[in-house]
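So you can see what is in the structure, the chains are spelled out below.
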Amino acid sequence: MHPVVEWLAAALIVIAAFFMLVGAIGLLRLPDFYMRLHAPTKASTLGVGGVLIASMLVAATQGRAGVAELLITLFVFVTAPVSANLMAQAALHLQLPSRAPVPPGAVPERREG
């Protein structure tokens, strides 16, 4: 394998690892469910995507098409946002409290009547 491809694949893996680390730290440090849900879903998508792109690059230099990596990437990019959305809807249904401040004027005034 060409050294430039090796360095590029290594750089992609390091960048992906950084995103995964940021997502893990966000999962540990953020205060409530909604914020914890956001950090790992975004970071894991970028992290897994970076690793799979590096794998596709290495596969291309070895003469493989990299179809498996492409399918895994598509699967992760489709399922991560959908699962995060379903978990957020379940949390809203269960009326889990959030610590995030609500901006003024974001919620219309309720009229009792």
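Time to look at helix α2 (residues 33-61). Helix length check: α2, at 29 residues, gives a terminal C-alpha distance of 43 Å against a target of 42 Å (1.5 Å per residue), a fit within 8%. Within α2, burial applies to Leu 37, Ala 39, Thr 41, Ala 43, Thr 45, Gly 47, Gly 49, Gly 50, Leu 52, Ala 54 and Ala 59. Packing partners of the buried residues in α2 comprise α1 (3-29) and α3 (67-93). Phi turns positive, to about 90 degrees, at Gly 63, one or two residues after α2.

The next point concerns the confidence of the model for the protein chain. Per-residue confidence for the protein chain gives a mean pLDDT of 86; residues scoring 70 or more make up 94%. Least confident of the elements in the protein chain is α2, whose mean pLDDT is 87; most confident is α1, at 93.

Phi at Gln 95 is positive, roughly 60 degrees, even though this residue is not glycine. Judged by its relative accessible area of 68%, Gln 95 falls in the exposed class.

Another aspect to go through is the environment of Leu 12. Within the secondary structure, Leu 12 is located in helix α1. Along the chain, Leu 12 and Leu 52 lie 40 residues apart, while their C-alpha atoms are 9.1 Å from each other. Leaving out residues up to four positions away in the same chain, Leu 12 has contacts with Gly 50, Ile 53 and Ala 54.

Packing of α2 against α3 brings their axes to within 9 Å, and their N-to-C directions diverge by 175 degrees. Classed by the angle they form, the pair α2 and α3 counts as roughly antiparallel. Across the interface between the two elements, Phe 33, Tyr 34, Leu 37, Thr 41, Thr 45, Val 48, Gly 49, Leu 52, Ser 55, Met 56 and Ala 59 from α2 touch Glu 69, Leu 70, Ile 72, Thr 73, Val 76, Phe 77, Ala 80, Ala 84, Met 87, Ala 88, Ala 91 and Leu 92 from α3. Split into classes, the residues belonging to the contact of α2 with α3 amount to 17 nonpolar, five polar and one charged.

Now for the packing of α1 against α2. Two numbers describe how α1 lies on α2: the axes approach to 8 Å, and their chain directions differ by 165 degrees. Overall, the two elements α1 and α2 adopt an arrangement that is roughly antiparallel. At the point where α1 passes α2, the crossing takes the left-handed sense.

What counts and what doesn't
Here the residue numbering is sequential within each chain, running from 1 through the sequence in written order. Only residues with pLDDT of at least 70 get local features here, since the model is predicted, and only at 80 or more are side-chain atom pairs given and counted; chain-wide, interface and lining totals rely on the full set of residues. Excluded from the side-chain calculations are hydrogens and water; all other atoms, namely the structure's heavy atoms, are used. Each helix is a run of DSSP H or I of at least 4 residues and each strand a run of E of at least 2, with the numbering of both proceeding from the N terminus. Expected span of a helix: the number of residues minus one, times 1.5 Å. Buried, partly exposed and exposed residues are distinguished by accessible area as a fraction of the type maximum, computed with a 1.4 Å probe on protein chains only: under 20%, between the cut-offs, and over 50%, respectively. Here, residues are in contact when the closest pair of their heavy atoms is within 4.5 Å. Per-residue confidence from the predictor is reported as pLDDT, which spans 0 to 100. Between N-to-C directions, angles cover 0 to 180 degrees, with each direction set by a line fitted to C-alpha atoms, over the stretch in contact for helices. Throughout this description, any angle smaller than 35 degrees is read as roughly parallel, any larger than 145 degrees as roughly antiparallel, any in the 65 to 115 degree range as roughly perpendicular, and the remainder as oblique. Under the grouping applied here, Gly and all other residues not named as nonpolar or charged are polar, the nonpolar ones being Ala, Val, Leu, Ile, Met, Phe, Trp, Tyr, Cys and Pro and the charged ones Asp, Glu, Lys and Arg. Crossing handedness: left-handed means the near helix sits turned counterclockwise from the far one by under a right angle, and right-handed means the same turn made clockwise.

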